[in-house]
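# Commentary on secondary and tertiary structure
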Amino acid sequence: MEVPGSYGVPWLSAIKDKLDFHYIQGEVEFFKSRVKKYKSTVLKVNFIPTPPGFPNPAGIALLDQRSFPVLFDNSKVEKRDVFVGSYKPSDAFTGGVRTLAYLDTEEEKHARLKEFVFQILKSTGPRFLSEFEAEMASALAGVEAEMESGTKNSIAVSSKLLDLAFNFMVKAVTGGADPSSQFGSYGPLLMQLWIGVQFAPISPRTQLPAVIEELLLRSFPLPPLIVRWPYDRIAGFLSDNATALIDMGEKQFGLDREEALHNLVFVVGVNGFLGFSRMLPSLLFYVASQSEAFQQRLGGEIRGAMGDDGSARKFMAAVERMPLLKSTVLEVMRIAPPVLYQYGRARREFVVESGDGREFLIRKGELLGGSQALVCRDPTVFDSPDEFVPDRFLGAQGRELERCVFWSNGRNTDSTSSANKQCGAKDFVETIGRLFVAQLYLRYESIELGPDSKPDSPVIKSLRKISVATRTGNKVSA
Ligand code: HEM
């Protein structure tokens, strides 16, 4: 059967669709309204970015739990230069190197570079956790000091979480080199500039007026030269301080030093910093938005498993004894996946089946894309899909559902490998998510957010520190 939907009038309809997507309907309604109109969860759409600067927006959206996973089938879908749809930022953004994210599994370099990333995680794994723990303690101390100064009623924490994401990633890969010694407090800003300009045409809505955003950011690719200076500074810092990893890339994986370096910058900046700068605020938002009773229950589980020792070492030993923590973090990844879209291009002609059992013909070369925000809320799989239900993944039935969460470019029950395109740090990311929440509730009994909090920008109104009675209770139960 032919895929329903229409691309409309060349250029004009694509531009109208882009305006709908960003400014008129919004990203979720854009897809939902078209699903309703064409009565199909597999349909033709114009993806962003669009003409004039980006001439090939036509694609097929896969918006249900049955069709979406075809994107992870390497025999049918290729990922060569389709990291973010039809848009491929110039290699000049990454020192002239075409980095791992843009390589298909059939390219020989893909497996080598992915193994390099696995080895980075393996060789620096414990360091990632301890740097995270130290940076988080310092971020929370900063929030508490601001609260105690009494000058503000509530504290916006997004910028502190950005610092946390930046510092722990950079310190972990450099073996502890302090980025503030070179960048002062501007490290995260340099990284944001580089990422922002590189991905401007497909970025979420900014705070700029729509017309300016449209003309400035979304009409044509921006020249890499604009962010050459911040990029060179970050790459220079890693080149000077992450020599052990670059040596490893060269000796163990036969990479060119420049290739190892620029892939490392991409991993630290785009994969790590950008990913965590989206994930940490939404973790805080969803967990702290729950009732006091839930926070007590979650905190009780964490403190019961870990006692007073909040160290990363103790955390790893106790992690399997915290099922509610695991379920809660996965529910945040389901309701607010940090990366919203997945894309691929049909390697050959094949048939895809939609959630309602219809079969559609996909032709070789067609651009395919899915919205995790919709697929992870597919009502045929998840009860109350728009509600945050932290217990969702508990028990045997809950464990069955884990396979239907897709934040990592693969099923949550799949394993990343050099033969697939799943996030190279899938397990590690969930571990950091759990460590983050555990650190919160080892320190606080409950957290109250201000009414102007949003998932991407939580505002803390009050923090109730662990009482002596709770502490004594932990010692008894630990
Ligand atoms: C919250 C943090 C993170 C999130 C949400 C995340 C998510 C993702 C997603 C969705 C992809 C697939 C992109 C695509 O091709 O469509 C991906 C790829 C990848 N991620 Fe992550 N990631 C995170 C952190 C990290 C970290 C810390 C590392 C490494 C230290 C990492 C390493 C990678 C690598 C190497 C790939 C490319 C895999 C390949 O091309 O085969 N990620 N990540």
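Further up the page is the structure itself.
First, a word on what this report is: a plain description of the structure on this page. These numbers come from a predicted model, not from an experiment. (Residues numbered from 1 in each chain as written. Predicted model: local features only at pLDDT ≥ 70, side-chain atom pairs only at ≥ 80, totals over all residues. Heavy atoms only, no water.)

Here the focus is the packing of helix 6 (residues 187–198) against helix 10 (residues 257–288). Helix 10 packs onto helix 6 with a crossing angle of 90 degrees between their chain directions and a minimal axis gap of 11 Å. The orientation of helix 6 with respect to helix 10, classified from their angle, is roughly perpendicular. Residues Pro188, Met191, Gln192, Trp194, Ile195 and Gln198 of helix 6 lie in contact with helix 10, whose contacting residues are Val265, Phe266, Val268, Gly269, Val270, Phe273 and Leu274. Residues of the contact of helix 6 with helix 10, tallied by class, amount to ten nonpolar, three polar and no charged. (Axes fitted to C-alpha atoms, helices over the stretch in contact; angles between N-to-C directions. Helix = DSSP H or I, 4+ residues; strand = E, 2+ residues; numbered from the N terminus. Parallel < 35°, antiparallel > 145°, perpendicular 65-115°, else oblique. Contact = heavy atoms within 4.5 Å. Nonpolar A, V, L, I, M, F, W, Y, C, P; charged D, E, K, R; others polar.)

Protein coordination of the iron atom of the ligand is limited to a single donor, Cys423 (SG), which sits 2.3 Å from the metal. Along the chain, Cys423 turns up in the loop between helix 15 (395–401) and helix 16 (426–443). (Donors = N, O, S within 2.8 Å, 3.2 Å for Na, K, Ca; no water.)

Each aromatic ring pair is characterised by the separation of its centres together with the angle its planes make. As enumerated under the stated definition, the model contains 27 aromatic pairs in all. Consider the rings of Phe54 and Tyr87, whose centres lie 5.6 Å apart with planes at 85 degrees: the pair is edge-to-face. Separated by 33 residues along the polypeptide, Phe54 in the loop between strand 1 (42–46) and strand 2 (58–62) and Tyr87 in the loop between strand 3 (77–78) and helix 3 (108–148) bring together distant segments of the chain. The residues Phe54 and Tyr87 share a single accessibility class, namely buried. With 5.0 Å between their ring centres and 40 degrees between their planes, Trp194 and Tyr231 make a pair best called tilted. Taken together, the residues span a long stretch of sequence, with Trp194 in helix 6 and Tyr231 in helix 8 (residues 228–241) at a distance of 37 residues. Clustering of aromatic rings is evident, with ring pairs tying together Phe128, Phe132, Phe168, Phe276, Phe428 and Phe436. The lysine or arginine in question, Lys88, covers the ring of Tyr102, its NZ or CZ lying 4.6 Å from the ring centre. (Phe/Tyr/Trp six-rings, centres within 6.5 Å; stacked < 30°, edge-to-face > 60°. Buried < 20%, exposed > 50% of the residue type's maximum accessible area, 1.4 Å probe, protein only. Lys NZ or Arg CZ within 6 Å of the ring centre and 35° of its normal.)

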